[in-house]
Structure formats: structure tokens, C-alpha cells
Amino acid sequence: MGNILKGVYAALTTPYVNGKVSTEIFRENIEKFNKTGLTGYVILGSTGEAAFLDDEESEALVSEAKKSAASGKVIIAGTARESAEWTIKFTNRLAEVGAEAALVRPPSYYKAKMNYEALRDFYLRVADGVKIPVILYNIPQNTQISLPLELVVELSSHQNIIGLKESGGNIAFLGEVIKKVPAEFFYFTGSGSVFYSALELGASGAILALANVAPELCVKLYELFRAGRKDEARELQYRLIPLNRAVTETYGIPSVKYALDRRGFFGGPCRSPLLPLEEKAKKIIDSLLQELGLIS
């Protein structure tokens, strides 16, 4: 897929109307995102409440994203399931409707047994069996499993494992991995608070919840860095940290959806057990968006 993967991706949310997934509203959101400089979209990620979606809903979202995305936008889908066999089947199903790469978190239900050998076997089986490239997904705050550095390096030599999304915010991990993986291996940070630092250490770009809420500013940071205007990029990073912390660490997906509503997209409710955002938190999000000039 070459350099087309480099840049900023929004980890898209899933819109619900009366408890059901709305592909129509999903399309409307994507049509608005198409006007930004985002490289592409991640469907069925953590921000997309993938754990709450059945296979039919997931397929419908990926299919709609492929139809609605502007020409050249890359569609990445979260496809992990708890067995290698199920992950292969689901990945290939989504590849048929438009997924161009698969974002695969480690299986975690039997986390006590997910040692180096088990994880290695899982990812090699998946990479050998799927029709599209695999991006490793390290998100220990959700899975309670951290992919070992040595495993990432070993897996990076597989021709169908093309990158890593690292959402633990571990900059030291990036610094060690980049030196040991092939030059064509893509490294994406999943943390909007360390985006600049990740780029400085050699990251290919970012897959961010923050890019839902402030796509133009995330893209601007990336472009400033690429243009060598690092002081400006660093200053923008400082300004983005409070909003990123609020919508990821403090308030989570309900706050991302609320911010989308405030920005003229559709955010809407989450599925249970995620609760609506409290009024106090809404005021905080409003203030942060105003400080960045994202709402009046």
C-alpha cells in the first residue's frame, strides 16, 4: 500500500438512532470528513464501540464507509475476534465489502494464557489466512495485554503484517521498535497527546479518536511537522493535549460523540453499558472546544 498509509486517520464513531446503527448518518458524517485532509478512516475500532456491534452491523458500516469515502481515502477495519479462525473469517468477510487493511488487537479473554508463543501463533495464523494486510493493535488499557517489543519486531518481518497502532502512549516503545523493524513498516500512534513526539521519533502518522473532534487541527499538526515547521507543530500539540485527555482518558466515547454533535456532525448516544455524558462534563468539553476555536 506504500506511502498511501502515512498520515492521520479518524477512528470513527458508530451512530445509533433508536438503538439501531444508522448507515445513513454514518455516510453523512463521512461526507463531511471527506472535506478534511484525513488520510482515511478506521471503522470498528475502540472509539467505534466495536465490542457492541454484531457481524451484520459491522459489515454494513464497512460497506458504507467504502461507498462514502472520497477517492484515495483508506479504509481500515478492526477485525479481531477471540480465535484466529474466527478473526480470519471475519477479516475476509470485511475485505469483500471494502476493508483495505485489518487492525487486529490481541485476543484477551484467556489473557493469563496469552504468552509470547500464543500471541505469535495467533498473529501468524491470521496474517497467513487473510486477504488484506494486517496492522497490529496494542491497546493494553482495554485488553490488559501489552504486545512484547520483541514480538512486534519478529512479526514485522511477515510480508502481510505491515504496521502497528500503539495506543498505550509509550514513546520509549516507539523509539525501540523503529530501530528494529523494516523501513516500510508503518507505526501509528493512537494517542493524540503524544502525536508530535511520535512523529519526531519516526512514526508514520496517527489513528486518533481526537481526529473525529478536531480533524483539521490533527492534520495541520502533521502537515506542519512534515513541512519542517516543528515549532508551530509543537505549539499546536500543546494546545491539543487538554482536549485529547478529556475525550480519551477522562470522559471517553460519550464525550467524543458529544463533541461531534457540537461540531455539526452526528455523535448521538452510545450503547449500554456506556452512559450519557453528564452536564458538568459537557460544559468542560464546550470550553475546550471554544479554546481551540472549534465552536463559537
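Overview of the structure. As the structure is a prediction and not an experimental result, all values here were calculated from the model. (Residues numbered from 1 in each chain as written. Predicted model: local features only at pLDDT ≥ 70, side-chain atom pairs only at ≥ 80, totals over all residues. Heavy atoms only, no water.)

1. Topic: empty space enclosed by the protein
Here is step 1 of the chain: The full count for this structure, using the stated rule, is 2 cavities of 30 Å³ or more.
Here is step 2 of the chain: By volume, the largest cavity is sized at about 40 Å³.
Here is step 3 of the chain: Forming the walls of the largest cavity are Glu 166, Gly 169, Asn 170, Ile 171, Leu 174, Tyr 187, Thr 189, Val 194 and Ala 198.
Here is step 4 of the chain: Where the lining of the largest cavity is concerned, the elements lending two or more residues are helix H7 (171-178) and strand E9 (186-189).
Here is step 5 of the chain: Here the residues of the lining of the largest cavity are counted per class, giving 5 nonpolar, 3 polar and 1 charged.
Here is step 6 of the chain: What the second largest cavity holds in volume is close to 30 Å³.
Here is step 7 of the chain: Taken together, Leu 12, Thr 13, Phe 26, Asn 29, Ile 30, Phe 33, Asn 212 and Leu 260 make up the lining of the second largest cavity.
Here is step 8 of the chain: Taken together, the residues of the lining of the second largest cavity break down into 5 nonpolar, 3 polar and no charged. (1 Å grid on protein atoms, 1.4 Å probe; cavity = no way out; pocket = protein on both sides within 12 Å on 5 of 7 lines; lining within 4 Å. Points joined across faces, edges and corners; volume = space filled by probe spheres on them. Helix = DSSP H or I, 4+ residues; strand = E, 2+ residues; numbered from the N terminus. Nonpolar A, V, L, I, M, F, W, Y, C, P; charged D, E, K, R; others polar.)

2. Some remarks on the packing of helix H1 (residues 23-33) against helix H2 (residues 55-68)
Here is step 1 of the chain: Packing of H1 against H2 brings their axes to within 9 Å, and their N-to-C directions diverge by 35°. Here H1 runs over H2; the crossing is right-handed. Two secondary-structure elements touch here, H1 through Thr 23, Phe 26, Arg 27 and Ile 30 and H2 through Ala 60, Leu 61, Glu 64, Ala 65 and Ser 68. (Axes fitted to C-alpha atoms, helices over the stretch in contact; angles between N-to-C directions. Left-handed = near helix turned anticlockwise from the far one by under 90°. Contact = heavy atoms within 4.5 Å.)

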